[in-house]
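Tertiary structure, described
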Amino acid sequence: MMVNGGKMNGLHIFLLNYLFIFTLGYEYGYPITIGGIFDGDTSDAEMAFAYAVETANNEILGPTRSQQLVAVPIRVYDNNEFTVSKKVCQAIRTGIAGIIGPQSPHSSVHVHSICDAKEMPHIQARWDPIASTPFALNIHPDPQTLARVFVDLVRAWEWKEFTILYENAAHLPRLSDLLKMYDPKGHTITVRQLDLGLPNNNYRSVLRRVKLAQDIHIVLDCSAKILPEVLKQAQQVGLMTDYHQFIITNLDLHTLDLEPYQYSSTNITGIRLYDPEDLRVQQITEYWRYQQKTLGRELNPGLQAHNLTTETVLVFDSVIMFAEALKQLKGSRQLRPIALNCDDNLTWSSGSSIMNFIKTSHARGLSYDIHFDNKGLRTDFLLDVIELGPAGLQKVGTWNSTEGLNLTRHYQILTADSDENSLRNKTFIVLTALSPPYGMLTESAHKLSGNARFEGFGIDLIHELSLMLGFNYTFNLQEDGIYGSKGEDDEWNGMIKELLEYRADLAITDLTITADREGAVDFTMPFMNLGISILYKKPSKEPPSLFSFMSPFSKEVWLYLGMAYLGVSLCLFILGRISPGEWDNPYPCIEEPTVLVNQFHFGNCLWSTIGVLLQQGTDVAAKAPSSRAVASIWSFFTLIMVSSYTANLAAFLTVESVYSPINNAEDLANAKGTIKYGAKRDGSTISFFKDAEYPIYQQMYKYMMDHPDMLTSSNSEGLSRVKSENYAFLMESTSIEYITERECDVAQVNGLLDDKGYGIAMRKNSPYRNALSEAVLKLQEQGRLSALKIKWWQEKRGGGACSSSGSDDGAERLDMANVGGVFFVLTCGSAFGVFYGCCEWLYFIRKRAAKKKVSLQEEFASEFKFVAACKSNVRVIRERSDEIDSQHSAISEASTKSRRSQ
């Protein structure tokens, strides 16, 4: 007998099988009918139900057995609980031995209640968190055990943080073990519900929040009904990229059309309950196709061995388990179903026996080995781990409850060495900004398009990397020129925002690697190292000092040199007085003179010492050994001092001193507003001062925040303010180098305030970071980065202009500003000599006038006429006889005193 709720639905073959076996039942025994409740679009499961009965009769019960199974499909179209209950009651009045299904959770509760009341075996083939009861059994894998699969996958994939997207609260029990992994110091887990009750199955708002949160590891738990739409919308909002990885918990992932995602490079992993390569699975699909032809049905093109639903597989296995229990039960006694009525209290006494045998039986079905634990739960099962690739879903491992995860291919975090992650032939959207020399518009008389619009250091660097790694690239321009900083609402702007929202894959410019930015995106190793410095007007040249000739020696050296001069002169004077060798006979003709004279009076000592110091020598020569020793060591001393002075004199006369009002950041901070200063708004430079702990830098940050007009929107604006105002601009040293190669009126002040680098930015956990970093390192080792820097700093776009203008072809000429002090000393010395000579001459005239008893004016006129005549170098001494007589008298008097003393 067949119960079908009004429509036969083309299943006449089941009625023929039932009538044939019922007729044989009088000779061999009573037929055993088993009902299958099918709701919704479950034609495949319905056919699996019929084929499972046939398989059980042929392979388990045997065609010669006294009793065989008869399939009774019960079709429910409106999925109404009252209708389901009514049809179940109609079925048990015909004397069925058990019921399989339905799939609807609401209908299943009513079927379970009826079977429990009538002690009728009830086998469920759907996921249900409710535990088994004495008359109900679930052949679906236990949800608590199934949750362990996803924990093992998360650990194998080495996820430290991930997001769980679940459909509704009913799905949370099988995620319990995943939720227990939460650890603030280990695994960070975000949980979001998909079904928010929005119209038209719109999940984009939730998926967009996942994207904005930069979550790339996602565990997706939802029914097969909405799974295709969820994946489609995830792709629409940008969650299907190279960076994202999904674990799909639904066992029917393999039944979906995943072709739109095969080539997105998104890692999608799922699980499957059966092996499509199994021979029995192949036979089943062939049988179904044959049956479709036999019954004249239109062939279902989707009916293939690789896309059987989990319901179909479990319905088949439910019949197999029922047949195994029936086989064991008939060995003890004859089984005869009876008609039951839902309105009385009559139950079937054999129902409990069948359930006990089912729970203790062991069978091999489509879902591998089937057996239950002592609680009636299927906790020991085998799963295939599948992964989506360019060739479709592929088996990459297995999982079972005893051994855990066993990957047949070793999963590795994507590296540049793996074929899957090779950059070859991939296309990246690269973001750049107009910041010379890293990114600039190409100067051309023709209209350019594409990558030809841009040139610069960063453009060439990407080109070099593409040649090395084999990827393609397309440049986009960051119109606002903002690199990226986090606002008060923790939202990023600029280039960083473009990366986070998947509008670009890479970003290259003078983008500084900072701690905040590294928290949001990844960077390659630095392609350029630098630091913050100060750009200011080039220091003005100071006019040479009038006494610049004294610069080779410090004031202290000049002081000690003067003391040495006086000390040596005094030493010679003393030695001349005490050394007998320094006393001479003034009259060589007198063999025994009565008087001796000494040439080393103090005036001669000073004259002799200064003569040696000036490398000129004098006619006063030392005679005694002691004075000669002092004179010799003084000569050696002056040789070294004069040589040192001469060696340094040229440098001090030619080098011009420069003056700058600031020499470091401390001078700038202490200028108290006399020199304005600032940095680029929303850049890494201002962030450095914001996070600095050094008091001077904190003071500078406070000044800039108190004067927001000091901040600029670009480096070019900062340069123009430096040139036109009394303004210092804080910026990266490499940019200062580029500017000072072209702008000769500005310069870098002092050294670096910090140490940092520029890197290529990409989204967090990018699989291409290592490959790009290794390529940057190779370019650095090959010298390509240095060559590119020379090209764009010193050769292109007017580079090297200031370096060439400052080069010297030879020694600089000295002008009067350099040697004016020497002329000043000469003038002063000569004037002093003339003044002293005039004074001496006037004294001589006054003395002569007094001696001759003439007036001073008369003697002065006489002497002036003689000097002004300039005709003769011979001077006539007047009254020479008187002078000679006076000299002789003096000598006689001296001789007389000498004899008396003897």
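Residues numbered from 1 in each chain as written. Predicted model: local features only at pLDDT ≥ 70, side-chain atom pairs only at ≥ 80, totals over all residues. Heavy atoms only, no water.

Attention shifts here to the overall build of the protein chain. Helices and strands together make up the secondary structure of the protein chain, namely 28 helices and 32 strands. Residue burial in the protein chain is summarised as follows: out of 902 residues, 46% are buried. Contacts in the protein chain between residues at least 24 apart in sequence constitute 69% of all its contacts with a sequence separation of at least 6. Here the protein chain has roughly 46,200 Å² of accessible surface; of this, 54% comes from carbon and sulfur atoms. (Helix = DSSP H or I, 4+ residues; strand = E, 2+ residues; numbered from the N terminus. Buried < 20%, exposed > 50% of the residue type's maximum accessible area, 1.4 Å probe, protein only. Contact = heavy atoms within 4.5 Å. Areas by Shrake-Rupley, 256 points an atom, 1.4 Å probe, with all protein chains shown as cover.)

Quick look at the pairing of strand 1 (residues 32–39) now. Most of strand 1 sits out of view: 8 of its 8 residues are buried. Here 8 bridges tie strand 1 to strand 2 (residues 69–76), and the two strands are oriented parallel to one another. Paired with Ile-34 across the strands is Ala-71, a residue of strand 2. Pairing of strand 1 with strand 3 (residues 96–100), which is carried by 3 bridges, proceeds in the parallel orientation. Along strand 3, the bridge assignment pairs Gly-35 with Ile-99. (Pairing = 2+ DSSP bridges.)

Further remarks concern the layout of surface pockets. Space inside the second largest pocket adds up to approximately 700 Å³. If you go around the second largest pocket, you meet 27 residues; those closest to its centre are Ser-485, Gly-683, Ile-686, Ser-687 and Lys-690. Where the lining of the second largest pocket is concerned, the elements lending two or more residues are helix 14 (515–520), helix 19 (684–691) and helix 20 (695–706). Ranked by residue count, the leading element in the lining of the second largest pocket is helix 19, at 6 residues. Split by residue class, the lining of the second largest pocket holds 9 nonpolar, 7 polar and 11 charged. (1 Å grid on protein atoms, 1.4 Å probe; cavity = no way out; pocket = protein on both sides within 12 Å on 5 of 7 lines; lining within 4 Å. Points joined across faces, edges and corners; volume = space filled by probe spheres on them. Nonpolar A, V, L, I, M, F, W, Y, C, P; charged D, E, K, R; others polar.)

A few words on helix 15 (residues 555–578). Along its 24 residues, helix 15 runs 35 Å from first to last C-alpha, staying within 8% of the 34 Å computed at 1.5 Å per residue. Burial in helix 15 covers these residues: Leu-561, Tyr-565, Val-568, Ser-569, Leu-572, Leu-575 and Gly-576. (Expected span 1.5 Å × (residues − 1).)

Counted according to the given criterion, the structure contains 4 cavities of 30 Å³ or more. Reported here for the largest cavity is a volume of approximately 110 Å³. Breaking the lining of the largest cavity down by element, the ones donating at least two residues are helix 19 and strand 29 (727–732). If one sorts the elements of the lining of the largest cavity by residue count, strand 29 sits on top with 3 residues. Of the residues belonging to the lining of the largest cavity, the class tally is 3 nonpolar, 5 polar and 4 charged. Taken as a whole, the second largest cavity spans an internal volume of roughly 60 Å³.

Counting across every chain of the model gives 26 aromatic pairs. Arranged with centres 6.1 Å apart and planes meeting at 85 degrees, the rings of Tyr-438 and Phe-457 form a pair that is edge-to-face. Here Phe-457 lies in helix 12 (residues 457–469) and Tyr-438 lies in the loop between strand 16 (427–432) and strand 17 (440–441), a separation of 19 residues in the sequence. Here Tyr-438 matches Phe-457 in class, with each residue buried. Between Tyr-438 and Tyr-758 the ring centres are 5.4 Å apart and the planes differ by 90 degrees, which places this aromatic pair in the edge-to-face class. Residue Tyr-438 is located in the loop between strand 16 and strand 17, and its partner Tyr-758 is located in strand 31 (residues 756–758); the two are separated by 320 residues in the primary sequence. Assessed through its relative accessible area of 0%, Tyr-758 is described here as buried. (Phe/Tyr/Trp six-rings, centres within 6.5 Å; stacked < 30°, edge-to-face > 60°.)

This part takes up the sheet that holds strand 32 (residues 761–763). Pairing in this open sheet of 5 strands is mixed, and the strands run 19-16-20-32-21 from one edge to the other. Lying at the two open borders of the sheet, with one neighbouring strand each, are strand 19 (472–477) and strand 21 (521–523). Relative to strand 20 (residues 506–507), strand 16 runs parallel, the two being bridged by 2 bridges. The partner of Val-430 across the bridge, within strand 20, is Leu-506. Across the face of the sheet, helix 12 comes into contact with strand 16 and strand 19 while running at roughly 165 degrees to strand 19. (Axes fitted to C-alpha atoms, helices over the stretch in contact; angles between N-to-C directions.)

Together, Leu-570, Ile-574, Ile-578 and Phe-602 line one region of the surface with nonpolar side chains, adding up to about 370 Å² of accessible area. Ranked by residue count, the leading element in the nonpolar patch is helix 15, at 3 residues. Within the secondary structure, Ile-574 is located in helix 15. Here Ile-574 falls in the partly exposed class, since its relative accessible area comes to 43%. (Patch = residues over 30% accessible without salt bridge, like charges linked within 9 Å, V, L, I, M, F, W, Y side chains within 5 Å. Salt bridge = Lys/Arg side-chain N within 4 Å of Asp/Glu carboxyl O.)

Let's shift gears to the nonpolar core. Among the nonpolar cores identified, the biggest contains 89 residues, and Leu-69, Leu-178, Phe-322, Ile-358 and Leu-383 are the most heavily contacted of them. Take this core: its biggest share by element is 12 residues, from helix 10 (residues 310–330). Membership of the second largest hydrophobic core comes to 37 residues, among which are Val-430, Leu-506, Ala-775 and Leu-779. (Core = buried A, V, L, I, M, F, W, Y, C linked by side-chain atoms within 4.5 Å.)

At a minimum axis distance of 7 Å, the contact between helix 19 and helix 20 shows a crossing angle of 120 degrees. When the axis of helix 19 is compared with that of helix 20, the two are oblique. For the pair helix 19 and helix 20, the sense of crossing is left-handed. Taken together, the residues of helix 20 that come into contact with helix 19 (itself represented by Ile-686, Phe-688, Phe-689 and Lys-690) are Tyr-697, Met-700, Tyr-701, Met-704 and Met-705. Looking at side-chain class alone, the contact of helix 19 with helix 20 contains 8 nonpolar, no polar and 1 charged residues. (Parallel < 35°, antiparallel > 145°, perpendicular 65-115°, else oblique. Left-handed = near helix turned anticlockwise from the far one by under 90°.)

Among the 6 residues of strand 6 (residues 161–166), 5 are classified as buried, and the element is accordingly described as predominantly covered. Pairing analysis gives 4 bridges linking strand 6 to strand 8 (residues 217–221), with the strands arranged parallel. Residue pairing for strand 8: Leu-165 is matched across the bridge by Leu-220.

Turning our attention to the confidence of the model for the protein chain. Residues with a pLDDT of 70 or more make up 83% of the protein chain, whose mean pLDDT is 79. Low pLDDT, under 50, characterises residues 805–809; the stretch is placed with 1 contact to residues that sit more than four places away or in other chains. (pLDDT = per-residue confidence, 0-100.)

Between its first and last C-alpha atoms helix 2 (residues 43–61) spans 26 Å; for 19 residues at 1.5 Å apiece the expected length is 27 Å, and the two agree. Along its length, helix 2 reaches its greatest deviation from straightness, about 25 degrees, at Thr-55. Of all 19 residues in helix 2, 14 are buried; the element is thus mostly enclosed. Phi for Gly-62, located one or two positions after helix 2, is positive at around 85 degrees. (Bend = angle between axes of the 7 residues up to and from the residue.)

Across the sheet, which stays open at both edges, the 5 strands sit in the order 2-1-3-4-5 with parallel pairing between neighbours. The open sheet has two edge strands, strand 2 and strand 5 (136–138), and neither has a second partner. Going across the sheet, the axis of each strand differs from the next one's by a mean of 25 degrees, ignoring polarity. Here strand 3 runs beside strand 4 (residues 122–124); their pairing, made up of 2 bridges, is parallel. Bridging from a neighbouring strand, Ile-99 pairs with His-122 of strand 4. Of the strands in this sheet, strand 1, strand 3, strand 4 and strand 5 touch helix 4 (residues 105–118), which is tilted by about 155 degrees from strand 4.

Cis geometry marks the peptide bond from Gly-101 to Pro-102, where omega comes out at 0 degrees. Along the polypeptide, Pro-102 turns up in the loop between strand 3 and helix 4. With an omega of 0 degrees, the peptide bond between Pro-436 and Pro-437 qualifies as cis. Looking at the element boundaries, Pro-437 is found in the loop between strand 16 and strand 17. With a phi angle near 60 degrees, Glu-158 is a residue other than glycine that sits in the positive phi range. Topologically, Glu-158 is positioned in the loop between helix 5 (143–156) and strand 6.

What follows deals with the pattern of salt bridges. All chains considered together, the criterion is met by 18 salt bridges. A salt bridge links Glu-46 to Arg-75; the nearest nitrogen and oxygen atoms lie 2.2 Å apart. You can see Glu-46 sitting in helix 2 and its partner Arg-75 sitting in strand 2, a full 29 residues away along the chain. For Asp-706, the salt bridge goes to Lys-702, with nearest N and O atoms at 3.0 Å.

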